[in-house]
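Here are the chains, one letter per residue:
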Amino acid sequence: MRMFPLLLLPFIGLAYTLWHIWCVLPIENIWRGIIVFLCALMFLSIFLVLSRTIDRMPMTVATTIYNVGCSALFVMLYAVMVFALLDIARIVHIIPKSFLYGNGYTAIGITVLIAVIFICGNIHYYNKKRQTLELYTEKPLEKDVRMVMISDLHLGYHNRRKELARWVDLINSEHPDIILIAGDIIDRGVRPLLVEDMAVELRRLDAPVYACPGNHEYYTGIKEAEKFFNAAGITLLRDSVAEASGICIIGRDDRTNSHRKSIGQIMSMTDKDRYTIVLDHQPFNLEQIESAGVDFQFSGHTHHGQVFPISSITDLIYENAYGKSQRGNTLFYVSSGLGIWGGKYRIGTCSEYVVTTLKNR
(Lines give C-alpha, C1' and ligand atoms only; values in the text may rest on other atoms or scores of the structure.)
Protein backbone atom coordinates (compact mmCIF):
# COMPACT_ATOMS: atom_id res chain seq x y z
CA MET A 1 0.00 0.00 0.00
CA ARG A 2 2.89 2.37 0.69
CA MET A 3 4.06 1.96 -2.91
CA PHE A 4 0.66 2.93 -4.34
CA PRO A 5 1.22 6.73 -4.13
CA LEU A 6 4.61 6.30 -5.80
CA LEU A 7 3.07 4.31 -8.64
CA LEU A 8 0.58 7.13 -9.17
CA LEU A 9 3.31 9.74 -9.66
CA PRO A 10 4.03 8.95 -13.34
CA PHE A 11 0.33 9.18 -14.17
CA ILE A 12 0.00 12.47 -12.29
CA GLY A 13 3.03 13.76 -14.20
CA LEU A 14 1.54 12.54 -17.48
CA ALA A 15 -1.82 14.24 -16.82
CA TYR A 16 -0.05 17.46 -15.78
CA THR A 17 2.09 17.46 -18.94
CA LEU A 18 -0.76 16.60 -21.33
CA TRP A 19 -2.94 19.34 -19.87
CA HIS A 20 -0.23 21.94 -20.41
CA ILE A 21 0.43 20.70 -23.95
CA TRP A 22 -3.30 21.04 -24.68
CA CYS A 23 -3.35 24.57 -23.26
CA VAL A 24 -0.22 25.93 -24.90
CA LEU A 25 -0.87 24.74 -28.47
CA PRO A 26 -2.42 27.51 -30.63
CA ILE A 27 -4.22 25.12 -33.02
CA GLU A 28 -7.67 23.65 -33.50
CA ASN A 29 -8.96 21.20 -30.91
CA ILE A 30 -8.88 18.22 -33.24
CA TRP A 31 -5.15 18.68 -33.88
CA ARG A 32 -4.45 19.34 -30.21
CA GLY A 33 -6.31 16.13 -29.41
CA ILE A 34 -4.25 14.13 -31.88
CA ILE A 35 -0.96 15.49 -30.49
CA VAL A 36 -2.02 14.86 -26.88
CA PHE A 37 -3.16 11.33 -27.80
CA LEU A 38 0.15 10.53 -29.52
CA CYS A 39 2.13 11.85 -26.53
CA ALA A 40 0.07 9.69 -24.17
CA LEU A 41 0.51 6.66 -26.45
CA MET A 42 4.29 7.08 -26.52
CA PHE A 43 4.44 7.27 -22.73
CA LEU A 44 2.08 4.33 -22.15
CA SER A 45 4.15 2.13 -24.46
CA ILE A 46 6.61 1.85 -21.54
CA PHE A 47 4.23 -0.73 -20.06
CA LEU A 48 4.75 -2.98 -23.07
CA VAL A 49 8.45 -2.87 -22.17
CA LEU A 50 8.00 -3.49 -18.45
CA SER A 51 5.59 -6.38 -19.05
CA ARG A 52 7.96 -7.87 -21.65
CA THR A 53 5.12 -8.01 -24.17
CA ILE A 54 7.67 -6.76 -26.71
CA ASP A 55 9.45 -10.14 -26.47
CA ARG A 56 6.63 -11.54 -28.64
CA MET A 57 7.01 -8.83 -31.30
CA PRO A 58 9.36 -8.66 -34.30
CA MET A 59 12.77 -7.30 -33.31
CA THR A 60 12.39 -4.04 -35.25
CA VAL A 61 9.01 -3.32 -33.67
CA ALA A 62 10.23 -4.32 -30.19
CA THR A 63 13.30 -2.09 -30.49
CA THR A 64 11.21 0.87 -31.63
CA ILE A 65 8.70 0.48 -28.80
CA TYR A 66 11.50 0.09 -26.24
CA ASN A 67 13.28 3.26 -27.39
CA VAL A 68 10.09 5.32 -27.73
CA GLY A 69 8.57 4.22 -24.41
CA CYS A 70 11.72 4.62 -22.35
CA SER A 71 12.63 7.93 -23.97
CA ALA A 72 9.11 9.26 -23.36
CA LEU A 73 9.52 8.55 -19.64
CA PHE A 74 12.59 10.79 -19.40
CA VAL A 75 11.17 13.46 -21.71
CA MET A 76 8.05 13.63 -19.54
CA LEU A 77 10.22 14.22 -16.47
CA TYR A 78 11.81 17.25 -18.11
CA ALA A 79 8.48 18.47 -19.48
CA VAL A 80 7.05 18.38 -15.95
CA MET A 81 10.03 20.38 -14.67
CA VAL A 82 9.75 22.98 -17.45
CA PHE A 83 6.00 23.44 -17.02
CA ALA A 84 6.35 23.55 -13.23
CA LEU A 85 8.93 26.35 -13.50
CA LEU A 86 6.67 28.25 -15.89
CA ASP A 87 3.69 27.79 -13.56
CA ILE A 88 5.70 29.16 -10.64
CA ALA A 89 6.85 32.08 -12.79
CA ARG A 90 3.21 32.76 -13.72
CA ILE A 91 2.02 32.58 -10.09
CA VAL A 92 4.64 35.10 -8.93
CA HIS A 93 3.86 37.30 -11.94
CA ILE A 94 7.21 36.94 -13.71
CA ILE A 95 5.41 35.90 -16.89
CA PRO A 96 1.82 36.61 -17.97
CA LYS A 97 -0.87 33.92 -18.09
CA SER A 98 -1.00 34.28 -21.87
CA PHE A 99 2.52 32.83 -22.03
CA LEU A 100 1.07 29.37 -21.29
CA TYR A 101 -2.20 29.50 -23.23
CA GLY A 102 -2.48 29.31 -27.01
CA ASN A 103 1.05 30.59 -27.47
CA GLY A 104 2.97 29.21 -30.44
CA TYR A 105 6.23 30.86 -29.43
CA THR A 106 6.09 29.13 -26.03
CA ALA A 107 5.24 25.78 -27.63
CA ILE A 108 8.15 26.05 -30.08
CA GLY A 109 10.54 27.28 -27.38
CA ILE A 110 9.73 24.39 -25.02
CA THR A 111 9.99 21.84 -27.85
CA VAL A 112 13.37 23.16 -28.99
CA LEU A 113 14.72 23.35 -25.41
CA ILE A 114 13.80 19.76 -24.56
CA ALA A 115 15.02 18.51 -27.96
CA VAL A 116 18.42 20.15 -27.48
CA ILE A 117 18.76 18.74 -23.95
CA PHE A 118 18.05 15.20 -25.07
CA ILE A 119 20.09 15.33 -28.27
CA CYS A 120 23.08 16.48 -26.21
CA GLY A 121 22.27 13.86 -23.57
CA ASN A 122 22.26 11.14 -26.22
CA ILE A 123 25.59 12.28 -27.69
CA HIS A 124 27.06 12.39 -24.18
CA TYR A 125 25.90 8.83 -23.51
CA TYR A 126 28.01 7.51 -26.38
CA ASN A 127 31.09 9.33 -25.06
CA LYS A 128 32.33 6.72 -22.60
CA LYS A 129 34.51 8.19 -19.87
CA ARG A 130 37.74 6.39 -19.01
CA GLN A 131 38.22 6.51 -15.24
CA THR A 132 41.56 5.57 -13.73
CA LEU A 133 42.11 4.19 -10.25
CA GLU A 134 45.31 3.13 -8.49
CA LEU A 135 45.14 0.32 -5.94
CA TYR A 136 47.99 -0.50 -3.55
CA THR A 137 48.55 -3.36 -1.15
CA GLU A 138 51.18 -4.73 1.19
CA LYS A 139 49.91 -8.26 0.58
CA PRO A 140 51.97 -10.45 -1.78
CA LEU A 141 51.35 -10.14 -5.51
CA GLU A 142 52.76 -12.23 -8.32
CA LYS A 143 53.02 -9.03 -10.39
CA ASP A 144 51.19 -5.75 -10.93
CA VAL A 145 47.63 -6.63 -11.94
CA ARG A 146 45.91 -4.51 -14.57
CA MET A 147 42.11 -4.63 -14.50
CA VAL A 148 39.19 -3.14 -16.38
CA MET A 149 36.05 -2.87 -14.26
CA ILE A 150 32.59 -2.22 -15.66
CA SER A 151 28.99 -2.52 -14.59
CA ASP A 152 25.44 -2.10 -15.89
CA LEU A 153 25.88 -2.94 -19.56
CA HIS A 154 22.11 -3.53 -19.88
CA LEU A 155 22.43 -5.38 -23.16
CA GLY A 156 19.08 -5.68 -24.87
CA TYR A 157 16.80 -3.93 -27.33
CA HIS A 158 18.59 -0.58 -26.95
CA ASN A 159 22.22 -1.59 -26.40
CA ARG A 160 22.70 -3.84 -29.40
CA ARG A 161 25.58 -5.95 -30.69
CA LYS A 162 27.14 -3.13 -32.72
CA GLU A 163 27.47 -1.01 -29.57
CA LEU A 164 28.73 -3.99 -27.56
CA ALA A 165 31.45 -4.55 -30.18
CA ARG A 166 32.67 -0.98 -29.61
CA TRP A 167 32.79 -1.60 -25.86
CA VAL A 168 34.74 -4.84 -26.32
CA ASP A 169 37.27 -2.98 -28.46
CA LEU A 170 37.62 -0.27 -25.77
CA ILE A 171 38.28 -2.88 -23.09
CA ASN A 172 40.72 -4.92 -25.18
CA SER A 173 42.70 -1.77 -26.00
CA GLU A 174 43.59 -1.53 -22.29
CA HIS A 175 45.27 -4.98 -22.37
CA PRO A 176 43.90 -6.03 -18.96
CA ASP A 177 44.93 -9.11 -17.01
CA ILE A 178 41.41 -9.41 -15.57
CA ILE A 179 37.99 -7.98 -16.46
CA LEU A 180 35.47 -7.50 -13.65
CA ILE A 181 31.75 -6.85 -14.17
CA ALA A 182 29.53 -5.77 -11.27
CA GLY A 183 26.17 -7.02 -12.51
CA ASP A 184 23.30 -6.06 -14.81
CA ILE A 185 24.94 -7.30 -17.97
CA ILE A 186 21.46 -8.15 -19.28
CA ASP A 187 18.68 -5.58 -19.42
CA ARG A 188 15.33 -7.40 -19.11
CA GLY A 189 15.59 -10.63 -21.10
CA VAL A 190 17.96 -12.74 -23.16
CA ARG A 191 15.87 -12.72 -26.36
CA PRO A 192 17.66 -9.79 -28.10
CA LEU A 193 21.03 -11.14 -26.91
CA LEU A 194 20.32 -14.53 -28.46
CA VAL A 195 18.89 -13.09 -31.68
CA GLU A 196 22.06 -11.06 -32.25
CA ASP A 197 24.35 -13.75 -30.79
CA MET A 198 26.01 -11.27 -28.44
CA ALA A 199 27.81 -14.12 -26.67
CA VAL A 200 30.16 -14.29 -29.66
CA GLU A 201 31.04 -10.64 -29.17
CA LEU A 202 31.74 -11.10 -25.46
CA ARG A 203 34.02 -14.06 -26.18
CA ARG A 204 36.30 -11.58 -28.01
CA LEU A 205 37.34 -10.16 -24.63
CA ASP A 206 40.99 -11.16 -24.38
CA ALA A 207 41.25 -11.59 -20.59
CA PRO A 208 39.42 -13.74 -18.01
CA VAL A 209 36.03 -12.21 -17.17
CA TYR A 210 34.47 -12.48 -13.70
CA ALA A 211 31.03 -11.12 -12.88
CA CYS A 212 28.41 -11.07 -10.15
CA PRO A 213 24.68 -11.00 -10.92
CA GLY A 214 22.59 -7.87 -10.63
CA ASN A 215 18.90 -7.36 -10.03
CA HIS A 216 18.27 -7.38 -13.80
CA GLU A 217 19.70 -10.89 -14.06
CA TYR A 218 16.89 -11.88 -11.70
CA TYR A 219 14.33 -9.96 -13.79
CA THR A 220 15.66 -11.91 -16.77
CA GLY A 221 15.55 -15.23 -14.92
CA ILE A 222 18.77 -16.20 -13.19
CA LYS A 223 18.93 -19.63 -14.85
CA GLU A 224 18.61 -18.12 -18.33
CA ALA A 225 21.22 -15.53 -17.40
CA GLU A 226 23.62 -18.24 -16.22
CA LYS A 227 23.26 -20.08 -19.54
CA PHE A 228 24.06 -16.90 -21.46
CA PHE A 229 27.12 -16.13 -19.31
CA ASN A 230 28.41 -19.65 -19.80
CA ALA A 231 28.03 -19.27 -23.59
CA ALA A 232 29.76 -15.86 -23.41
CA GLY A 233 32.77 -17.22 -21.51
CA ILE A 234 31.98 -15.20 -18.38
CA THR A 235 32.63 -16.73 -14.96
CA LEU A 236 29.56 -15.87 -12.88
CA LEU A 237 30.29 -15.77 -9.16
CA ARG A 238 27.24 -16.18 -6.92
CA ASP A 239 28.43 -16.13 -3.32
CA SER A 240 31.60 -17.81 -4.50
CA VAL A 241 35.31 -17.12 -4.80
CA ALA A 242 37.81 -17.29 -7.65
CA GLU A 243 41.55 -16.71 -7.66
CA ALA A 244 43.25 -14.90 -10.53
CA SER A 245 46.71 -13.35 -10.78
CA GLY A 246 47.23 -14.01 -7.09
CA ILE A 247 44.16 -12.11 -5.86
CA CYS A 248 40.85 -13.36 -4.44
CA ILE A 249 37.74 -12.28 -6.32
CA ILE A 250 34.44 -12.64 -4.48
CA GLY A 251 31.21 -12.37 -6.41
CA ARG A 252 28.19 -11.82 -4.19
CA ASP A 253 24.76 -12.92 -5.27
CA ASP A 254 22.47 -9.93 -5.73
CA ARG A 255 20.50 -8.81 -2.68
CA THR A 256 17.36 -9.63 -4.71
CA ASN A 257 18.08 -13.12 -3.37
CA SER A 258 17.15 -12.71 0.29
CA HIS A 259 18.91 -15.98 1.08
CA ARG A 260 22.33 -14.99 -0.18
CA LYS A 261 25.30 -15.68 2.10
CA SER A 262 26.67 -13.02 4.40
CA ILE A 263 30.01 -11.47 3.55
CA GLY A 264 31.43 -13.10 6.68
CA GLN A 265 30.47 -16.57 5.43
CA ILE A 266 32.08 -15.93 2.06
CA MET A 267 35.24 -14.40 3.53
CA SER A 268 35.75 -17.60 5.55
CA MET A 269 36.40 -19.32 2.20
CA THR A 270 39.22 -16.96 1.21
CA ASP A 271 42.95 -16.82 1.83
CA LYS A 272 43.33 -13.86 4.22
CA ASP A 273 46.88 -13.28 2.97
CA ARG A 274 45.58 -12.47 -0.54
CA TYR A 275 44.26 -9.14 -1.73
CA THR A 276 40.47 -9.44 -1.79
CA ILE A 277 38.10 -7.80 -4.26
CA VAL A 278 34.34 -8.03 -3.78
CA LEU A 279 31.91 -7.60 -6.65
CA ASP A 280 28.49 -6.66 -5.27
CA HIS A 281 26.03 -5.07 -7.65
CA GLN A 282 24.10 -2.95 -5.14
CA PRO A 283 26.24 -0.78 -2.80
CA PHE A 284 24.38 -1.27 0.47
CA ASN A 285 25.67 -2.05 3.99
CA LEU A 286 29.21 -0.86 3.34
CA GLU A 287 29.97 -1.11 7.06
CA GLN A 288 29.62 -4.91 6.83
CA ILE A 289 32.20 -5.04 4.06
CA GLU A 290 34.60 -2.95 6.13
CA SER A 291 34.10 -5.14 9.22
CA ALA A 292 34.77 -8.29 7.20
CA GLY A 293 38.23 -7.02 6.24
CA VAL A 294 37.64 -6.72 2.50
CA ASP A 295 40.33 -4.74 0.66
CA PHE A 296 38.25 -3.36 -2.20
CA GLN A 297 34.63 -3.50 -3.36
CA PHE A 298 33.38 -2.63 -6.83
CA SER A 299 29.66 -1.97 -7.36
CA GLY A 300 27.22 -0.44 -9.83
CA HIS A 301 23.41 -0.32 -9.85
CA THR A 302 22.89 3.38 -9.09
CA HIS A 303 23.74 4.66 -12.61
CA HIS A 304 24.33 7.86 -10.60
CA GLY A 305 20.70 8.56 -11.43
CA GLN A 306 21.36 8.64 -15.22
CA VAL A 307 19.88 12.15 -15.56
CA PHE A 308 19.68 15.21 -13.34
CA PRO A 309 17.90 15.65 -10.92
CA ILE A 310 17.59 11.89 -10.25
CA SER A 311 21.34 11.93 -9.54
CA SER A 312 20.62 14.10 -6.49
CA ILE A 313 18.09 11.54 -5.27
CA THR A 314 20.58 8.66 -5.53
CA ASP A 315 23.03 10.75 -3.49
CA LEU A 316 20.44 10.80 -0.69
CA ILE A 317 19.63 7.08 -0.91
CA TYR A 318 23.15 5.63 -0.90
CA GLU A 319 26.09 6.22 1.40
CA ASN A 320 28.14 6.38 -1.79
CA ALA A 321 26.10 6.69 -4.99
CA TYR A 322 29.04 7.25 -7.30
CA GLY A 323 32.82 7.20 -7.34
CA LYS A 324 35.49 6.37 -4.80
CA SER A 325 35.05 6.26 -1.02
CA GLN A 326 36.94 4.84 1.94
CA ARG A 327 35.82 3.11 5.13
CA GLY A 328 38.66 2.15 7.42
CA ASN A 329 41.04 0.00 5.37
CA THR A 330 38.41 -0.82 2.75
CA LEU A 331 38.21 1.12 -0.52
CA PHE A 332 34.94 1.29 -2.46
CA TYR A 333 34.15 2.33 -6.01
CA VAL A 334 30.58 2.67 -7.28
CA SER A 335 30.41 2.97 -11.05
CA SER A 336 27.75 4.89 -12.96
CA GLY A 337 27.82 2.07 -15.50
CA LEU A 338 29.10 1.49 -19.01
CA GLY A 339 25.62 1.06 -20.47
CA ILE A 340 22.27 2.36 -19.30
CA TRP A 341 18.69 1.34 -18.63
CA GLY A 342 15.93 2.70 -20.85
CA GLY A 343 16.48 5.89 -22.82
CA LYS A 344 20.08 6.38 -23.95
CA TYR A 345 20.66 9.75 -22.32
CA ARG A 346 23.23 11.04 -19.85
CA ILE A 347 22.36 14.46 -18.44
CA GLY A 348 24.66 15.59 -15.64
CA THR A 349 26.15 12.08 -15.34
CA CYS A 350 28.44 9.92 -17.47
CA SER A 351 28.81 6.38 -18.77
CA GLU A 352 32.21 5.00 -17.82
CA TYR A 353 34.67 2.16 -17.58
CA VAL A 354 37.31 1.97 -14.85
CA VAL A 355 40.94 1.07 -15.53
CA THR A 356 43.02 0.18 -12.51
CA THR A 357 46.37 -1.35 -11.64
CA LEU A 358 46.91 -3.17 -8.36
CA LYS A 359 50.49 -2.67 -7.13
CA ASN A 360 52.60 -3.42 -4.09
CA ARG A 361 53.51 -0.41 -2.00
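Residues numbered from 1 in each chain as written. Predicted model: local features only at pLDDT ≥ 70, side-chain atom pairs only at ≥ 80, totals over all residues. Heavy atoms only, no water.

Enquirer: Even after reading the chapter, I still don't get the overall build of the protein, so can you show me in this structure?
Expert: When its secondary structure is counted, the protein shows 13 helices and 12 strands. A compact globule built from 361 residues would reach a C-alpha radius of gyration of about 21 Å, and the protein, at 23 Å, matches this within 12%. Dimensions of the protein, computed from the C-alpha atoms along their principal axes, are close to 75 × 45 × 45 Å. The buried share among the 361 residues of the protein stands at 53%. Of all intrachain contacts in the protein linking residues separated by at least 6 positions in sequence, the fraction that spans at least 24 positions is 76%. The positive charge centre, built from 35 side chains, and the negative charge centre, built from 34, are 5 Å apart in the protein. (Helix = DSSP H or I, 4+ residues; strand = E, 2+ residues; numbered from the N terminus. Rg over C-alpha atoms; globule rule 2.2 N^0.38 Å. Buried < 20%, exposed > 50% of the residue type's maximum accessible area, 1.4 Å probe, protein only. Contact = heavy atoms within 4.5 Å. Lys, Arg positive; Asp, Glu negative; His and termini not counted. Charge placed at Lys NZ, Arg CZ, Asp CG, Glu CD.)

Enquirer: Could you clarify how one ought to interpret the sheet that holds strand β6 (residues 240-244) in this entry?
Expert: Adjacent strands of a sheet form backbone hydrogen bonds with each other and so pair up, either parallel or antiparallel. A sheet is described by the order of its strands in space; here six strands give the open sequence β6-β7-β8-β9-β11-β10, paired in mixed fashion. Both outer strands of the open sheet, β6 and β10 (323-327), are each paired with one neighbouring strand and no more. Neighbour-to-neighbour, the strand axes of the sheet open up by a mean angle of 20°, direction not taken into account. (Pairing = 2+ DSSP bridges. Axes fitted to C-alpha atoms, helices over the stretch in contact; angles between N-to-C directions.)

Enquirer: Help me understand the sheet that holds strand β1 (residues 129-137), please; the structure alone is not making it clear to me.
Expert: Reading across from one edge, β1-β12-β2-β3-β4-β5 is the order of the six strands in this open sheet, with mixed pairing throughout. Two strands lie at the open edges of the sheet, namely β1 and β5 (234-236), each paired on one side alone. Ignoring which end each strand starts from, the neighbouring axes of this sheet average 25° apart. With nine bridges connecting them, β1 and strand β12 (residues 352-360) associate as parallel partners. Note that in β12 the partner of Arg130 across the bridge is Tyr353.

Enquirer: Help me out: how do you make sense of the nonpolar core in this one?
Expert: Taken as a class, soluble globular proteins show a tendency for nonpolar side chains to be buried jointly. With 37 residues, the main nonpolar core has Val49, Ile54, Tyr66, Leu86 and Phe118 as its most contacted residues. Counting only elements with at least two residues in this core, the list comes to α1 (4-24), α2 (29-44), α3 (46-50), α4 (59-91) and α5 (104-126). The greatest single-element share of this core, amounting to 14 residues, is contributed by α4. Among residues more than four places away in sequence, those in contact with Leu86 are Ile95, Phe99, Leu100 and Ile110. Within the second largest apolar cluster, 32 residues are counted, among which are Val148, Ile179, Ala199 and Leu202. (Core = buried A, V, L, I, M, F, W, Y, C linked by side-chain atoms within 4.5 Å.)

Enquirer: Sorry if this is basic, but what is going on with a nonpolar patch on the surface here?
Expert: Together, Ile27, Ile30, Trp31, Ile34, Ile35, Phe37, Leu38 and Leu41 give the surface a local cluster of nonpolar side chains, amounting to about 780 Å² of exposed area. By the secondary structure assignment, Ile27 is in the loop between α1 and α2. (Patch = residues over 30% accessible without salt bridge, like charges linked within 9 Å, V, L, I, M, F, W, Y side chains within 5 Å. Areas by Shrake-Rupley, 256 points an atom, 1.4 Å probe, with all protein chains shown as cover. Salt bridge = Lys/Arg side-chain N within 4 Å of Asp/Glu carboxyl O.)

Enquirer: In this structure, what is going on with the pairing of strand β3 (residues 178-182)? I would like to understand it.
Expert: Each regular strand carries side chains that alternate between the two faces of the sheet. The element β3 is largely enclosed, with a buried count of five among its five residues. Where burial is concerned, the two faces of β3 agree: the one with Ile178, Leu180 and Ala182 and the one with Ile179 and Ile181 are both buried. Once the chain exits strand β2 (residues 145-150) it traverses helix α6 (residues 161-172) before rejoining the sheet at β3, and the crossover so formed is right-handed. Here β3 pairs with strand β4 (residues 209-212) via four bridges, running parallel. (Right-handed = clockwise from strand over helix to strand, strands pointing away.)

Enquirer: Sorry, what's going on with the pattern of salt bridges here?
Expert: Counted under the stated rule, the structure contains 20 salt bridges. Of the charged contacts, one joins Glu163 and Arg166 as a salt bridge, the two residues approaching to 3.0 Å between their closest N and O atoms. Here Glu163 and its partner Arg166 are both found in helix α6, three residues apart, which amounts to about one turn of the helix. For Glu163, a relative accessible area of 11% corresponds to the buried category. Salt-bridge contacts for Arg204 lead to Asp169; the nearest nitrogen and oxygen are separated by 3.1 Å. Note that Arg204 is positioned in the loop between α8 (198-202) and β4 and Asp169 in helix α6, a separation of 35 residues in sequence. By sharing partners, the salt bridges in this structure join Arg161, Asp169, Glu201 and Arg204 into a single network.

Enquirer: Teacher, can you tell me more about the packing of α4 against α5 here?
Expert: Helix-helix packing: each pair is described by the crossing angle between the helix axes and the interaxial distance. Axis separation between α4 and α5 bottoms out at 11 Å; the angle between their running directions is 135°. Comparing the axis directions of α4 and α5 gives the class oblique. Here α4 and α5 pass one another in a crossing that is right-handed. Here α4 contributes Phe74, Val75, Tyr78, Ala79, Val82, Phe83 and Leu86 to the contact with α5, which in turn contributes Ile110, Leu113, Ile114, Ile117 and Phe118. Within the contact of α4 with α5, the residues separate by chemical class into 12 nonpolar, no polar and no charged. (Parallel < 35°, antiparallel > 145°, perpendicular 65-115°, else oblique. Left-handed = near helix turned anticlockwise from the far one by under 90°. Nonpolar A, V, L, I, M, F, W, Y, C, P; charged D, E, K, R; others polar.)

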